[in-house]
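# Architecture at a glance
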Amino acid sequence: RKAQEANENAELLNRKHDIERKKRELERKRKTLKAQIAMLNTDFESERSEAVKMIETEQDAIKRLEQDKIEMAESRNADTRNIKAHTLET
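Throughout what follows, the structure given in this document is the object of discussion. Keep in mind that what you see is a predicted model, and the values were worked out from it rather than measured.

### What about the overall build of the protein?
Across its full length, the protein carries one helix and zero strands. Taken over the C-alpha trace, the protein has a radius of gyration of 38 Å; the compact-globule value for 90 residues is 12 Å, which it surpasses by more than 25%. Dimensions of the protein, computed from C-alpha atoms along their principal axes, come out at roughly 130 × 15 × 5 Å. For the protein, the proportion of its 90 residues judged to be buried stands at 0%. Approximately 8800 Å² of the protein is accessible, and the part contributed by carbon and sulfur atoms is 56%. Positive and negative charge centroids in the protein, built from 21 and 20 side chains respectively, lie 12 Å apart.

Written out as structure tokens, the structure reads:
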């Protein structure tokens, strides 16, 4: 009877040790995952920041090109009006 009790106690102790080992393993994995997520967030924020700067630069360039196009069209129209006015005077 005592031998059986000793075996049962040893089995319970082994199971408790397994549980504690699994808890430690899960905690280690949780910490690793948390660190990986933090690293991914940092990488994403860096890429996002660069992309936002590039987008703003491109949008500014497009606005300048569009404004230049408008100014050139206005200049051509003014030149055409001047030529017509000059022709009518002569």
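### A few points about the pattern of salt bridges
As a working rule, side chains carrying opposite charge can pair if their charged atoms are close by. The tally for this structure, following the rule as stated, stands at six salt bridges. The salt bridge partner of Arg21 is Asp18, with a shortest N-O separation of 3.9 Å. In this pair, Arg21 and Asp18 both sit in helix 1 (residues 2-89), three residues apart, roughly one turn of the helix. A relative accessible area of 38% means that Asp18 is categorised as partly exposed.

What counts and what doesn't
- Residues numbered from 1 in each chain as written.
- Predicted model: local features only at pLDDT ≥ 70, side-chain atom pairs only at ≥ 80, totals over all residues.
- Heavy atoms only, no water.
- Helix = DSSP H or I, 4+ residues; strand = E, 2+ residues; numbered from the N terminus.
- Rg over C-alpha atoms; globule rule 2.2 N^0.38 Å.
- Buried < 20%, exposed > 50% of the residue type's maximum accessible area, 1.4 Å probe, protein only.
- Areas by Shrake-Rupley, 256 points an atom, 1.4 Å probe, with all protein chains shown as cover.
- Lys, Arg positive; Asp, Glu negative; His and termini not counted.
- Charge placed at Lys NZ, Arg CZ, Asp CG, Glu CD.
- Salt bridge = Lys/Arg side-chain N within 4 Å of Asp/Glu carboxyl O.

This is a description of form; function is not addressed.
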